[in-house]
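Chain residues, written in single-letter form:
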Amino acid sequence: MTKIGLEIHCQLTKLKSKLFCSCKANYREFEPNHNICPVCMGLPGSLPRLNQKAVESATRIAMALSCETPEKIAFFRKNYFYPDLPKNFQITQLNVYGDTSIGGEGYVNVEDKKIKIRRIQLEEDPGRIIYEGASERTKITLIDYNRAGTPLVEIVTDPDFESPRQVRVFLNILSDLLENLGVAEPGLEGAMRADGNVSIEGGKKVEIKNIGSFHDLEKALHFEITRQQSLFERDIEIVQETRHWDDKRKITVSSRSKEKDQDYRYFLENDIPWIKLDQGMLDGLKKNMPESISSKKERYVEKYDIASQVAEIIASDKYYSNLFENAYSDSNAKDIANLITTDVIGFIDTKEKQQNSKITSRHLSELIDAINSKTITRNSAKVALQEIMKSGKGTREVLEELDLGQVSDSSEIENIISQIFEEEKQAVIDAKERPETVNFLVGKVMQKTKGKADPVKTLELIKSKLLS
Ligand SMILES: [Zn+2]
């Protein structure tokens, strides 16, 4: 049986400052090496000071993943040399003197399977290494320390996954959960990275390091399972090792033999005292936890009779659920939900578009009012949404500017129908013989009125004209 376990690194991008100093957590806005200080550069004599908010955010993650929280947390030095690590050690957590990491023993339900969360730890991100130029033989390597010391949460699962597909479903659930908690923006480049370890029956564990996209992780896991199966079938030993994903060749490549914990010479970080997690703080965090995605979904289905799939789509995405939550009333919730999942999603399907969109909840409720009072057609609402998304203008202004008012006047529609009957003689004969083809004629009227004709009235009038 295939066994897959994950280590997911997630940046706490919503925090203001780094984990142990007051440099900005949002390093992305700076020129290289302009977001640094003696602490995150590891200069002699500097002392780390733990960011209380980072402890709180990490604890919220632990709570949302149904983890136990320890009485006290401790930090450790993980020693290794690497150019992006100016201190020559990373401050992280480890459970050697009992459970002193920020959380443990949690779980996430993925479809019918319970994926156990073994441990959650708070640690600092290293800097970034940039290889100048596209060539693999480039001699120039640049180091940007702006990221060094950024707060990171590492989430370690048990090897409970049986397929790469299950991993992808889990990562989608996790990234929605982190976003819903308001602690991270998993869509940002580099904000969520994962290591996967894979073993097949009878083989040793192989780790694939540091993959930045879920899509690539799934491909890498697929590749690795096939590689191991093929070795196994040929009676070649599968060695325990670390491999990396070569994005260009779409294969995993052996990178180094796996270090064991003792190679890192972990020891207690004595510059940071053991910290007792205050019960008052824990109670406060628990009380202020945002509503979970599953409870939101349940509420949408039960209270507003929204289809389960529609409720799922809205509840799991923070942008859509915010739009929905601020737009609906008891009477129009279902309509708003459908407008979001049929039209809004079509235009705003990426995080980037979500950020740039100027659609507000008010626009949505006004458009639904206009549809329900027959001022505009459903089709026109779609056209209006596209314009509003770009300009952010008021609903009424957009409807007037684009002349989207619904045509409900019977004589006006009858005139257009007469023209269509002249132009589409064969379709009229067809519709008389086979009533199910009548929609073609309705479509023509819609085309001519740019989607503004009242569709119900149009159908009625066409039917009566066909009988006459
Ligand atoms: Zn700093």
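See the structure shown above.
Residues numbered from 1 in each chain as written. Predicted model: local features only at pLDDT ≥ 70, side-chain atom pairs only at ≥ 80, totals over all residues. Heavy atoms only, no water.

A. Seen up close, the sheet that holds strand β4 (residues 89-92). The strand order β4-β3-β14 describes an open sheet built from three strands, whose pairing is antiparallel. Where the open sheet ends on each side, the last strands, each with one partner, are β4 and β14 (267-268). Relative to β4, strand β3 (residues 76-79) runs antiparallel, the two sharing four bridges. Bridged to F76 within β4 is T92. (Pairing = 2+ DSSP bridges. Helix = DSSP H or I, 4+ residues; strand = E, 2+ residues; numbered from the N terminus.)

B. Expanded view of the side chain of T150. With respect to the helices, strands and loops of the structure, T150 is situated in the loop between β8 (141-144) and β9 (151-157). Taking the relative accessible area as the measure of exposure, T150 reaches 2% and is therefore buried. A polar contact of 2.3 Å, which involves the side chain of T150, links it to the backbone oxygen of R147. With sequence-adjacent residues up to four places away left out, T150 is seen in contact with K18, A25, Y27, E123, E124 and D125. (Buried < 20%, exposed > 50% of the residue type's maximum accessible area, 1.4 Å probe, protein only. Polar contact = N/O pair within 3.5 Å; in protein donor to acceptor, adjacent residues only side chain to side chain. Contact = heavy atoms within 4.5 Å.)

C. Geometry of the coordination of the zinc ion. Protein coordination at the zinc ion: the donors are C21 (SG), C23 (SG), C37 (SG) and C40 (SG), at 2.3 to 2.4 Å from the metal. Positions of the donor residues of the zinc ion, expressed as sequence spacing, correspond to C-x1-C-x13-C-x2-C. The residues C21 and C23 share a single accessibility class, namely buried. (Donors = N, O, S within 2.8 Å, 3.2 Å for Na, K, Ca; no water.)

D. Representation of the pairing of β9 within the structure. The buried count for β9 comes to seven of seven residues, which makes it a mostly enclosed element. Of the two faces of β9, the one holding P151, V153, I155 and T157 and the one holding L152, E154 and V156 are both buried throughout. Across five bridges, strand β1 (residues 3-11) lies against β9 in antiparallel orientation. In the sheet register, Q11 faces β9, and the bridge partner there is L152. The pairing of strand β6 (residues 113-124) with β9 spans seven bridges and is classified as antiparallel. Across the sheet, the residue bridging to Q121 is E154, located in β9.

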